[in-house]
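Architecture at a glance
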Amino acid sequence: SDERLFDRQNAPSWYDHLFGKLNAPFDAFTDNRLTVITFNYDRSLEWYLYIVLSNAYNLDREVSLKALKSIPIVHVHGQLGPLSYGDEPGRTYNYEPSKAREAASGIKVVHAGAEDDEQFQTARRYLYEAKKVYFIGFGYHAANVKRLRIDEIPSHTVIYGSVYGMTDAEAQQAKTRFNGRLHTGRGDWDALAFLRNFEPLDD
């Protein structure tokens, strides 16, 4: 819900940090070079960005949406239905029990050939074009690493990853799956601490 998303005690605080790094004079906002690839179904990040964009720059709906589209967000496992930002078809961000079935229809069941799905192909294209890649809250499951074809990311790309809550052995296993290319933070750094302390997003 909006109440939870914008409650500073419960909301993902790294959203604020991320937007702070994106914040710029509005005519330069779309020059930000950020792409988000997510395994999550929820649409909280795009709704959060839409609201804070609208408020920070005092924008109307159409201008906010145009700016938001400059930040590609790829849901490789689908999402809980298309997000409605106003009059267009889709589901509002807040929970609607009557539309639970519609929301569930947007979720993709993972199968052996999932890496050939359009979303995974799109995700890989963005990964291969990136200068830096940050994995946040990623479990480094072998199947997901394989689906993203991490070994095909160009050698000049720097790859960072949070390992919050992982043991040293689990973090080492993640590094092994990335052929030693994964630069990890500390196991006690949550997403916000990882972004603030491990590698700034300014450059």
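Refer to the structure presented above.
Below you will find a few notes about this structure. The model shown is predicted, which means the values in this text are computed figures rather than measured ones.

1. Regarding the pattern of salt bridges
According to the stated counting rule, one finds two salt bridges in the structure shown. Between Glu62 and Arg61 there is a salt bridge, and its shortest N-O distance comes to 2.4 Å. The partner of Arg186 in a salt bridge is Asp188, and the shortest N-O contact between them spans 3.0 Å.

2. Regarding the packing of helix H2 (residues 13–22) against helix H10 (residues 191–198)
The contact between H2 and H10 brings their axes to 8 Å, and the two run at 35 degrees. Within the contact between the two elements, H2 uses Ser13, Trp14 and His17 and H10 uses Ala191, Leu192, Leu195 and Arg196. Across the contact of H2 with H10, the residue classes tally to four nonpolar, two polar and one charged.

3. Focus on the nonpolar core
In this structure, Phe19, Leu22, Phe29, Tyr48, Leu49 and Leu53 are the most contacted members of the largest nonpolar core, which totals 22 residues. Elements represented by at least two residues in this core include exactly H2, helix H4 (44–57) and helix H5 (61–68). Looking at this core, the element that brings in the most residues is H4, giving nine residues. Dropping the residues within four chain positions of it, Leu22 is found in contact with Phe29, Asn32, Leu34, Leu49 and Ile71. Membership of the second largest hydrophobic core comes to 21 residues, among which are Phe135, Phe138, Phe178 and Leu182.

Cut-offs applied
- Residues numbered from 1 in each chain as written.
- Predicted model: local features only at pLDDT ≥ 70, side-chain atom pairs only at ≥ 80, totals over all residues.
- Heavy atoms only, no water.
- Salt bridge = Lys/Arg side-chain N within 4 Å of Asp/Glu carboxyl O.
- Axes fitted to C-alpha atoms, helices over the stretch in contact; angles between N-to-C directions.
- Helix = DSSP H or I, 4+ residues; strand = E, 2+ residues; numbered from the N terminus.
- Contact = heavy atoms within 4.5 Å.
- Nonpolar A, V, L, I, M, F, W, Y, C, P; charged D, E, K, R; others polar.
- Core = buried A, V, L, I, M, F, W, Y, C linked by side-chain atoms within 4.5 Å.
- Buried < 20%, exposed > 50% of the residue type's maximum accessible area, 1.4 Å probe, protein only.

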